[in-house]
Amino acid sequence: MWLAIALSLLAGWLFYKYYVSIYDIFRKRGIPYYPSTFPFGSSYEILTHSRFPGYIQEEMYKKLAPNPMFGFFVMRVPMLQIRDPELIRLVLTKEFSHFRERMFMKLSEKDVLSQHLFNLDGERWRALRVKLTPTFTSGKMKAMFPLFVNCAEAFDSLILSKIGSEVDIKDLVGRLMTDIICSCAFGLDINTIKEPNHKLRQIGAQLFKMKFIHKVLIAVIQAMPKVASKIEARFTPKETEDYVVKLVQDTIEYREKNNIKRNDFLDLLIQLKNKGTVGDDLKDEIEDQKCQPFELTIGLMAAQCFVFLVAGFETSSSVQSFCLYELAINQDIQTRVKKEIDETIERHGGLTYQAVYEMEYLDMVISETMRKYPTLPFLMRCCSKSITTPNGYKIEAGETVLIPVWSLHHDPEHYPNPEKFDPERFSAENKESIKPYTYLPFGEGPRMCIGMRFGQLQTKVGLIALLRKCRVEPCAATKIPLVLGPSPMITVPKETIIVKLVPQS
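Residues numbered from 1 in each chain as written. Predicted model: local features only at pLDDT ≥ 70, side-chain atom pairs only at ≥ 80, totals over all residues. Heavy atoms only, no water.

(A) Layout of helix H15 (residues 298–329). Taking 1.5 Å of rise per residue, the 32 residues of H15 would be expected to cover 46 Å, and the 46 Å separating its terminal C-alpha atoms lies within 8% of that figure. Counting buried positions along H15 gives 28 out of 32 residues, so the element sits mostly inside the fold. (Helix = DSSP H or I, 4+ residues; strand = E, 2+ residues; numbered from the N terminus. Expected span 1.5 Å × (residues − 1). Buried < 20%, exposed > 50% of the residue type's maximum accessible area, 1.4 Å probe, protein only.)

(B) Representation of the packing of aromatic side chains. With the rule as written, the count across this model stands at 20 aromatic pairs. Consider the rings of Tyr19 and Phe38, whose centres lie 5.0 Å apart with planes at 80°: the pair is edge-to-face. Here Tyr19, found in helix H1 (residues 2–21), pairs with Phe38, found in the loop between helix H2 (25–28) and helix H3 (44–48); they are 19 residues apart in sequence, far enough to count as distant. Tyr19 gets classed as buried once you look at its relative accessible area, which sits at 8%. (Phe/Tyr/Trp six-rings, centres within 6.5 Å; stacked < 30°, edge-to-face > 60°.)

(C) Representation of the UniProt feature "binding site: heme" (unreviewed entry) in the chain in the model. According to UniProt, the "binding site: heme" (unreviewed entry) feature falls on Cys449. Tracing the chain through its elements places Cys449 in the loop between helix H19 (405–409) and helix H20 (452–467). (UniProt positions renumbered as here; feature names shortened; annotations may be inferred.)

(D) Quick peek at the sheet that holds strand E4 (residues 379–382). Taken in spatial order, the 4 strands of this open sheet run E1-E2-E7-E4, and their pairing is mixed. Each having just a single partner strand, strand E1 (69–74) and E4 make up the two edges of the open sheet. Direction aside, the axes of adjacent strands within the sheet are offset by 30° on average. Pairing of E4 with strand E7 (residues 400–403) involves 4 bridges; the strand directions are antiparallel. Paired with Cys382 across the two strands is Thr400, which belongs to E7. Each of E1, strand E2 (77–82) and E7 is contacted by helix H4 (residues 53–63), which is oriented at about 140° to E1, the strand it contacts most. (Pairing = 2+ DSSP bridges. Axes fitted to C-alpha atoms, helices over the stretch in contact; angles between N-to-C directions. Contact = heavy atoms within 4.5 Å.)

Next comes the structure, spelled out in structure tokens:
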């Protein structure tokens, strides 16, 4: 018995020594690092998702300032946080070929809806990116704009019915966002005003609510990425996958059979599937960039529509809810943006694409919202080939680089008095002074968010639709100051944002 106990203790000690042995690598390489302890690494909160990740990374960011780069660990996985704008430029743009991959594990192709542009890496990402980029030009957005307006007009009745009430503002604007996305991505007029619990709205609302099993999967991925790559983990429920794939397949078949055109995202995907390009002016782009050819299957098309739904719903509804919270507690800013909206629409004789484009102060307000509340608190890139940075630090192949977007956006060096909501930071005169690669709400470089124009447009349309009909004011249920809550991926409030809708004075 004593022998068994001794052997168990020895095995435990050897495992412990093996486990913590990697914690010395940054010291040996001369890279500043955040201390780690067994078994969590640098922070148990990163692993348990018990606090907003932007707060966690900001603590490290401040503690190791002004080092341009430092190391930390998630369990045994080494990561590098970079804060110097020139190093960020190197990773996202100048040496992009070394940092093209976003994921540090490969998602199973059996999880069909995970095979979208955000997740894909390598040549499949590159070829699909080249194919899809023309679908998000300003011309394509202008062609889709009537679909936005139709949804916004239907939304008016819901807003008017809520005037005088205290509302969950994200839930309210989320209905319009779901209608716009479903109209543009799936060709469906689902009308969440009459049917608030439509299946697609439930999917969009629930996917970012992490279940326990997903937290466990993320922990396994972070702790043992090589092992995790062999596990065919599924983040999308099979029921959701079957529903979305069938919906896309049936819609495509119906459109092709009846020769229906809607100038929406699905139309463009159908054109890509049948012709290989979007528009004759770009027909040689795939060949010019020597992209690996591949078939745009129904599964891949469904995955692109799916990420359109999920990412578009979450980002735009979040930005609007944070923005309306700030407008509620900054009435002077709300008055100014409302005045611009009314005057611009009157000048154009209605809500037109050009009218939205000309609303400069609204654009400043949204930019400041995304500065103060970036949807992604950090960006991640995986180094595929070792590289030595200009300051002499080496980033090894296989290491994950984290870019602390939240910390950069709240660094007084870049944004004085960062907690103040100040749209003037993004005026024509002031925005030129913003240091490149310190404002990253959509990322930067070749993997910059492809749907940026669409997201900005639907966010503006949502705010215009609401502010034309009413004002937002704080109420007893409005949490001031706003505290952000735990989430492994995105910026979310700890508690629901409640504001009151009041009639226009």
